[in-house]
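An overview of the molecular structure
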Amino acid sequence: MKMSKSEMKRRIREEYGMNPLEISSKEESLDMLRLVKVYHEQKEEKDARMIDDITWEDIEMDEVFFRVNHTRSFAGEQILYHMLHMIKKDNKSIDAEADAFDQDEELRVDTEMKLRTLGKRYSNYYLPDTIWSLAGLNLGHTFIYPLLLLLLIASIVAGIIRPSFMGAAIVMAVINLTVYSVMKLRYENTFVSISSIRELVELGEKIKSSEKLSKMYMDKEMADSLVTLDKITRMLILMKYTKSLTDNGEPYALILQYIYGITMIDPILCSIALRKVSAHENELIRLYEMIGRIDAAISVASFRRSLDSCKPEITEDGTISCEGLYHPLIDHPVKNGFLMKKNSFFTGANATGKSTFMKAIAINVILGETIYTCTADSMSFPKMYVMTSMALRDDVLNGESYYVREIKYLKRMLEQVETGEKTLIVIDEILKGTNTKERVAASRAVLEYLSDTSAVVVTATHDIELVEQMEKLYDAYYFECLVNNGEVKFSYEMREGINKITNAIELMKGMGFPKKITETAENRRDVSA
């Protein structure tokens, strides 16, 4: 049942500040991700650095995107996804925009209602690709379509004058419908995207007519281009209307499609529109990005409302300071403070929270530098690029072992710091893919090298010897783990110093390993100690 306007506004108010994962299906979000990426995978930025794929996957930034994503339109999703990838020199404008929507509920609700008209239909996600390809798009021999329409009209007129010719009209109708069906099959995404351009322009006009939105986002150049775009896309209103009926499951939409097919209206309008809009690629992309940014700004505002957050302070020194820092994907997190004046080790037992906290640092630096938001009570850090080496595994298809992949990941980090750009380096259990003697020697060499660069290094290790050897260059932290009568407890609270308590065997006990295994392990551990 179609929702009334008042009911939709009520729902929009209720959903603001909620966790988006509680509103939408996670499976559906994953399925849509390949479409969300369409814009990001083709967009080039000259004044920004993109987070590399290894880092993005290491710290599960797709999951973070789902947590932030409160958008109402496909453009909003695509722009937000791209925005989270790009570290720019200045991102404070998104902060001001998010604050404006957060402080003005009427403006926000009205804007979200406007954005809903664009929606998230599958086919629309290809719109940026279509716009970028306008100059090279064509629908074959376009002179055929009006010719087929003229022949249809002529055969109908002839049939009216002489009924015996009515068979020719039927034959022409079948020919036209066949040609249309082939065209629709071949150029389906183009047809849909071209009609979506009209929806984009109509939404731009609504933004232009809003005094507050126009003041925030619309300059004279955009306003002037909208006038032009409105004129040349009016012919697409019919296509947009038919698509809307089809999307809403209206029964007479199929009848309209048959009529359009027989008369070749869609191919004719689409080919004319392509000629007219192909010269306006830049204006269309700019309009699309403006609409997506509005949607993304509301998402940022909602994300801030949905959890404890702060705005970061970008400093000039190399210190990372935070109070109440936590991982945004954990529902009931234990918060921790951290003052990093020099490079740091994280040591200690398994499953205590080292990796999660290190990911939280990397994620929050990225969130701070992209959407000016951190999941902490307060946080400050220098402007820097982020690179990680955390979620490693063998690559069977390419024949690469764990260790080979690990040193490749480290090599890309070394190449990055050699550029001189300040970089946050996060490494989970450095060089664990080789034997202890070589691991300690190689790890020390790598970490000493990094300490002489502009890198800010956070690394985890179980090699206490390595930490002790480098105490002058690296501070040490650990997460508390208590072992009592075979029971392992975690506080997930961080402490300064080195924790030499291990819990691997105790965890085996807790998991129900045979007593003979755990006792043998303990005896051999005590002997080696």
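The structure presented is a predicted model; accordingly, all values stated were derived computationally and were not measured.

Attention now goes to a nonpolar patch on the surface. On the surface, I156, I160, M166, I170 and V174 cluster together to form a nonpolar patch covering roughly 470 Å² of accessible area. Elements represented by at least two residues in the nonpolar patch include exactly α9 (144-161) and α10 (166-186). You can see M166 is positioned in helix α10. For M166, a relative accessible area of 35% translates into the label partly exposed.

What follows covers the environment of S443. Looking at where S443 falls in the secondary structure, it is placed in helix α20 (residues 436-451). Placed 12 residues apart in sequence, S443 and L431 show a C-alpha to C-alpha distance of 6.5 Å. If we skip the residues at most four places from it in the chain, S443 touches I430, L431 and L466. A polar atom in the side chain of S443 sits 2.7 Å from the backbone oxygen of R439.

The subject of this paragraph is the sheet that holds strand β3 (residues 313-315). The mixed open sheet is built from 4 strands, whose spatial order is β3-β7-β4-β5. Taken across any chain shown, the strands that pair with only one partner, and hence form the sheet edges, are β3 and β5 (336-340). Averaged over all pairs of adjacent strands, the angle between strand axes in this sheet comes to 20°, irrespective of strand direction. Two elements, β3 and strand β7 (residues 378-382), share 3 bridges in a ladder whose sense is parallel. What sits directly across from T315, in β7, is P382. Each of β4 (320-325), β5 and β7 touches helix α18 (residues 354-370); the most contacted strand, β7, lies at about 75° to it.

With that settled, the discussion passes to α9. The terminal C-alpha atoms of α9 lie 25 Å apart, and with 18 residues this matches the ideal 26 Å at 1.5 Å per residue to within 8%. All of the buried residues in α9 are Y145, L148, L152, S155 and G159. Seen along its axis, α9 keeps its buried residues to an arc of 85°; they face one direction. Summarising the geometry of α9, the exposed residues directed more than 90 degrees from the buried face are L150, I160 and I161.

Calculation criteria
- Residues numbered from 1 in each chain as written.
- Predicted model: local features only at pLDDT ≥ 70, side-chain atom pairs only at ≥ 80, totals over all residues.
- Heavy atoms only, no water.
- Patch = residues over 30% accessible without salt bridge, like charges linked within 9 Å, V, L, I, M, F, W, Y side chains within 5 Å.
- Areas by Shrake-Rupley, 256 points an atom, 1.4 Å probe, with all protein chains shown as cover.
- Salt bridge = Lys/Arg side-chain N within 4 Å of Asp/Glu carboxyl O.
- Helix = DSSP H or I, 4+ residues; strand = E, 2+ residues; numbered from the N terminus.
- Buried < 20%, exposed > 50% of the residue type's maximum accessible area, 1.4 Å probe, protein only.
- Contact = heavy atoms within 4.5 Å.
- Polar contact = N/O pair within 3.5 Å; in protein donor to acceptor, adjacent residues only side chain to side chain.
- Pairing = 2+ DSSP bridges.
- Axes fitted to C-alpha atoms, helices over the stretch in contact; angles between N-to-C directions.
- Expected span 1.5 Å × (residues − 1).
- Arc of directions from axis to C-beta.

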